[in-house]
Amino acid sequence: MIIVTLVATLAASMVWQQWRAVQVEAAERARVQSGWMLAGALDWARLILRESAKQNQPIWIDDQWAKPLEEARLSTFLAADANNTDDAPDVFLSGDIVDAQGRFNLGNLVKEDNTPDNNQVFVLGHLCTILGLSDSVADDLARRVSNAKISPAPANAPLLPLKISQLSWLGISPYTIQTLEPYVVLLTDGTKLVTSKVNVNTASREVLAASLNVDAASAGRVIEKRKRGAFRTAADYTDLITVQPIPQSI
């Protein structure tokens, strides 16, 4: 009985080790394949952007780069036998390219001297109002970003976020982050926030209305005219809007 128990134990151990080796190999193969697909997607994006840059045209929402990559089934390419993909994993690839300057850059809220830029705070406050948030969110964000940028940072200072999901580090509520995320961006040079202007050729209606300090109807007219071609200068669209002056208290 002891010999039978020992043999059964050894056999079970060998089967488990073989099963584990198979699982490790499958996971490693999936990781490598995912890396290939990611590299291919990045190459596709680089190619599209290079071709767009060769045209020497303004960055425009209806340009080639803005056309999304429709969902494509890649199982055929990943299968060992291209003629038999029934057992191949269902792998799909899709994606799109977004112009970051089509969104309001939260890096604009604070100047180089680490003081709030009141004009930009007003713009973000206008955007918050359009999105149904309190305009006090803008002042709160500017103050918190300014505190996070202090160098050397105090012991209790929050880390400076480098992407929108990390705004929670500054104490911003999940609902506010979720509401703002489609319309704002945090542009960095890898280590610190940088400023940028909003691209009127790619910005959404909400971002245009806030950035130009106009109503939704005026922003809509800009977007309708934009569909016929990219704006090259501000004079191409200023006749469509009536810009409201920023309050003197700002």
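Residues numbered from 1 in each chain as written. Predicted model: local features only at pLDDT ≥ 70, side-chain atom pairs only at ≥ 80, totals over all residues. Heavy atoms only, no water.

1. Overview of the overall build of the protein
The helix and strand tally for the protein stands at seven helices and four strands. Shown N-terminal to C-terminal, the secondary structure of the protein runs as helices and strands in the order α-β-α-β-β-α-α-α-β-α-α. Residues counted as buried form 33% of the 250 residues belonging to the protein. Partitioning the intrachain contacts of the protein with sequence separation of at least 6 by distance along the chain shows that 58% fall at a separation of at least 24. By element, 56% of the accessible surface of the protein is carried by carbon and sulfur atoms, the whole surface being about 15900 Å². (Helix = DSSP H or I, 4+ residues; strand = E, 2+ residues; numbered from the N terminus. Buried < 20%, exposed > 50% of the residue type's maximum accessible area, 1.4 Å probe, protein only. Contact = heavy atoms within 4.5 Å. Areas by Shrake-Rupley, 256 points an atom, 1.4 Å probe, with all protein chains shown as cover.)

2. Considering the confidence of the model for the protein
Summary statistics for the protein give a mean pLDDT of 84 and a share of 87% for residues scoring 70 or more. Considering each helix and strand of the protein separately, the mean pLDDT is smallest for helix 2 (residues 75-78), with a value of 60, and largest for strand 3 (residues 104-105), with 96. (pLDDT = per-residue confidence, 0-100.)

3. Observations concerning the pattern of salt bridges
Inspection of every chain in the model, using the stated rule, returns six salt bridges. We note a salt bridge from arginine 31 to glutamate 28, for which the minimum N-O separation is 2.5 Å. Of this pair, arginine 31 and glutamate 28 both sit in helix 1 (residues 2-54), three residues apart, roughly one helical turn. Residues arginine 144 and aspartate 140 are paired through a salt bridge, measuring 2.8 Å at the closest nitrogen-oxygen approach. One end of the pair, arginine 144, and the other, aspartate 140, are both in helix 4 (residues 136-148), four residues apart, so they sit about a helical turn from each other. By relative accessible area, which is 23% here, arginine 144 ends up partly exposed. Put simply, Asp140, Arg143 and Arg144 are held in one network by salt bridges that share partners. (Salt bridge = Lys/Arg side-chain N within 4 Å of Asp/Glu carboxyl O.)

4. Observations concerning helix 6 (residues 205-212)
Along helix 6, the positions that sit buried rather than exposed are Val207, Leu208, Ala209, Ala210 and Leu212. For helix 6, the elements touching its buried residues are strand 3, helix 3 (118-130) and helix 7 (216-226).

5. A word on empty space enclosed by the protein
This model, assessed by the stated rule, comprises one cavity of 30 Å³ or more. The volume enclosed by the largest cavity comes to roughly 40 Å³. Here the lining of the largest cavity is composed, by residue class, of three nonpolar, two polar and three charged. (1 Å grid on protein atoms, 1.4 Å probe; cavity = no way out; pocket = protein on both sides within 12 Å on 5 of 7 lines; lining within 4 Å. Points joined across faces, edges and corners; volume = space filled by probe spheres on them. Nonpolar A, V, L, I, M, F, W, Y, C, P; charged D, E, K, R; others polar.)

6. As for the packing of helix 3 against helix 6
Close contact between helix 3 and helix 6 brings their axes to 8 Å; oriented N to C, the two are set at 140°. Of the possible angle classes, the one that applies to helix 3 and helix 6 is oblique. Between helix 3 and helix 6 lies a crossing of right-handed hand. Counted together, Val123, His126, Leu127 and Ile130 of helix 3 and Glu206, Val207, Ala209, Ala210 and Ser211 of helix 6 form the full contact between these two elements. (Axes fitted to C-alpha atoms, helices over the stretch in contact; angles between N-to-C directions. Parallel < 35°, antiparallel > 145°, perpendicular 65-115°, else oblique. Left-handed = near helix turned anticlockwise from the far one by under 90°.)

7. A short note on the packing of aromatic side chains
Tallied over the entire structure, the rule returns one aromatic pair. Their ring planes at 55° and their centres at 5.3 Å tell us that phenylalanine 231 and tyrosine 237 sit as a pair that is tilted. (Phe/Tyr/Trp six-rings, centres within 6.5 Å; stacked < 30°, edge-to-face > 60°.)

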